[in-house]
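Below are the chains, spelled out letter by letter.
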Amino acid sequence: MGSANKTGTDRKARIEEMRRAEQSRERRNRILTIAAGVVVVAGLVVGGVVLVRSQDDDKGSGAVASDSSGKGRFVTGKDGVKSWEGKLARNHVTKAVKYASEPPVGGDHNPVWMNCNGDVYTERLNNTNAVHSLEHGAVWVTYNAAAKKADVDALAAKVKKTPYTLMSPVDDQKDPIMLSAWGHQRTVTGANDPDVDAFFEKFVQGEQTPEPGAACTNGLSK
């Protein structure tokens, strides 16, 4: 009898020990789960704070990216073409960029270019997309309300048959008709001005092109 009682007692003791061990494991698992949850929540909170601060910083700065083109200046050559002396940044940015000229001739720009395969736009373009087209070797024809309709129509016809060109209105530019390439710009008197052909000849995929042969299609088409 004594042996049977001892065996029963030993069994109960082992069962009780196993139960305590299981309870202990459950407690450890609960603690680990809670701790992991705290870490995740803390990470989300910190991430949220960083995101909010980042957004606030963007708002505070006007969401405008810096642009090193402001460190240079235009120098006008004997042929009337203005060339930018100074480094033109070429970073891809998604913010607006404050350029040193209107229209701009280079600088930080959007990762997506405007289609420039003889594309004529009737609405103002985002400068950051158009500058990317200049990086690909395009010439950008721009005009304001002072330009004569006959000149605008004739220039549009020329652009449409010239790969690596684009055209759009820029209301706040200084002169009625302007031509821009990467790092270069000039004013012309009209569509029949011989300087139009000279500018196209020199700067469409010219030596100034940072990325010669890069696409002028499969970008934005407004």
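Reference entry: report on the structure contained in this document.

Conventions we followed
- Residues numbered from 1 in each chain as written.
- Predicted model: local features only at pLDDT ≥ 70, side-chain atom pairs only at ≥ 80, totals over all residues.
- Heavy atoms only, no water.
- Core = buried A, V, L, I, M, F, W, Y, C linked by side-chain atoms within 4.5 Å.
- Buried < 20%, exposed > 50% of the residue type's maximum accessible area, 1.4 Å probe, protein only.
- Helix = DSSP H or I, 4+ residues; strand = E, 2+ residues; numbered from the N terminus.
- Contact = heavy atoms within 4.5 Å.
- Pairing = 2+ DSSP bridges.
- Axes fitted to C-alpha atoms, helices over the stretch in contact; angles between N-to-C directions.

**Quick word on the nonpolar core**
Reasoning step 1: Counting residues in hydrophobic clusters, the biggest one holds 40 residues, and the most contacted among them are Leu 166, Met 167 and Phe 200.
Reasoning step 2: Those elements that provide at least two residues to this core are helix 2 (127-135), strand 6 (139-143), helix 3 (149-160), strand 7 (165-169), strand 8 (177-181) and helix 4 (194-203).
Reasoning step 3: Not counting the four nearest positions on each side in its chain, Phe 200 is found in contact with Val 139, Val 141, Lys 158, Val 159, Thr 162, Thr 165 and Leu 179.

**Things to note about the sheet that holds strand 6**
Reasoning step 1: Across the sheet, which stays open at both edges, the seven strands sit in the order 2-3-9-8-6-7-5 with mixed pairing between neighbours. Where the open sheet ends on each side, the last strands, each with one partner, are strand 2 (73-76) and strand 5 (117-120). With direction set aside, neighbouring strand axes in the sheet form an average angle of 20°.
Reasoning step 2: Two strands pair when backbone bridges link them, and strand 8 and strand 9 (residues 184-187) are joined in this way by four bridges, in the antiparallel orientation. Each bridged residue has a counterpart across the sheet, and for Ala 181 the counterpart in strand 9 is His 184.
Reasoning step 3: Each of strand 6, strand 7, strand 8 and strand 9 touches helix 4; the most contacted strand, strand 8, lies at about 10° to it.

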